[in-house]
Amino acid sequence: AEGLSLDVNISGMYDEKDSPYFSFYDIYYAAVTCLPDSVPYVNGDKDYPTWQSFLNPVVIADADRTGYQKTNNKHFLTNLSLTYDVPFLKGLQAKIMGSYQSYYTGTKSVAKEYKLYTYDSDSDTYSSVKKNSPSTIGNYLNNLDMLTLQAQMSYSNSFGKHNVSGLIAYEQHQSFGRVSGLSREYSFFTKDQVDMASLNNMKNNGMESQTASLSLI
């Protein structure tokens, strides 16, 4: 139709992230705070990682030894706008816009118990300290959906030396979010699935949220 235009934009994003259970900050902090003469392993033996005052940076960066996190992110966005320039009245424009966004984040976390050691050369014995005890496995989900609708009528025209303009706009915004998480103690590493873990000391949590707003100009 004359004066009518439609604009549609659709975009999406998906990514996967594999990382050690400990964060980059933990690894960095452990590296910069360890003593200058610190070594990662007692007597160079990788079966005996060295105990340090905070964390052993080499050990906590090893996902096979101390655990890992796997995170999936999905983002979908669509925008639609319909514009009508009224042909029989110069400067008058009507516009309707809509936007929908959806976010999803899912994280699987496995924290493995591990030991750090000190060595007594006089008695030729090792002493150990447990870390990440007990081992745990968990799943954590975060969903967020947002919808925005907007309608507006505008007018702009010149009559000789005079400019006349005006705008009426309506906007409606809604969002819905849901977060949930669960974890179990995990001592027998098989396929790294929650159902394979112990029923002892299970933890779970969840929360939903909704927001809505209306605006008129």
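Now for the environment of Ser 23. Here Ser 23 lies in the loop between β1 (4-20) and α1 (24-33). Sequence separation between Ser 23 and Ala 61 is 38 residues, and the spatial gap between their C-alpha atoms is 8.7 Å.

What follows concerns the sheet that holds strand β6 (residues 136-159). Pairing in this open sheet of six strands is antiparallel, and the strands run β1-β2-β3-β6-β7-β8 from one edge to the other. Among the strands making up the open sheet, the edge pair consists of β1 and β8 (203-216). Direction aside, the axes of adjacent strands within the sheet are offset by 5° on average. Of the strand pairs in this sheet, strand β2 (residues 67-85) and strand β3 (residues 92-111) are connected by 19 bridges, and their pairing is antiparallel.

All right, on to the side chain of Ser 135 then. Here Ser 135 is to be found in the loop between β5 (125-131) and β6. Of the polar contacts made by the side chain of Ser 135, one reaches the backbone nitrogen of Glu 113; its length is 2.6 Å.

What follows is about the side chain of Gln 101. Structurally, Gln 101 is set in strand β3. Reaching out from Gln 101, the side chain makes a polar contact with the side chain of Tyr 103 at a distance of 2.7 Å. Once residues within four sequence positions are removed from consideration, Gln 101 is found in contact with His 75, Phe 76, Leu 77, Leu 144, Asp 145 and Met 146.

The rules behind the values
Residues numbered from 1 in each chain as written. Predicted model: local features only at pLDDT ≥ 70, side-chain atom pairs only at ≥ 80, totals over all residues. Heavy atoms only, no water. Helix = DSSP H or I, 4+ residues; strand = E, 2+ residues; numbered from the N terminus. Pairing = 2+ DSSP bridges. Axes fitted to C-alpha atoms, helices over the stretch in contact; angles between N-to-C directions. Polar contact = N/O pair within 3.5 Å; in protein donor to acceptor, adjacent residues only side chain to side chain. Contact = heavy atoms within 4.5 Å.

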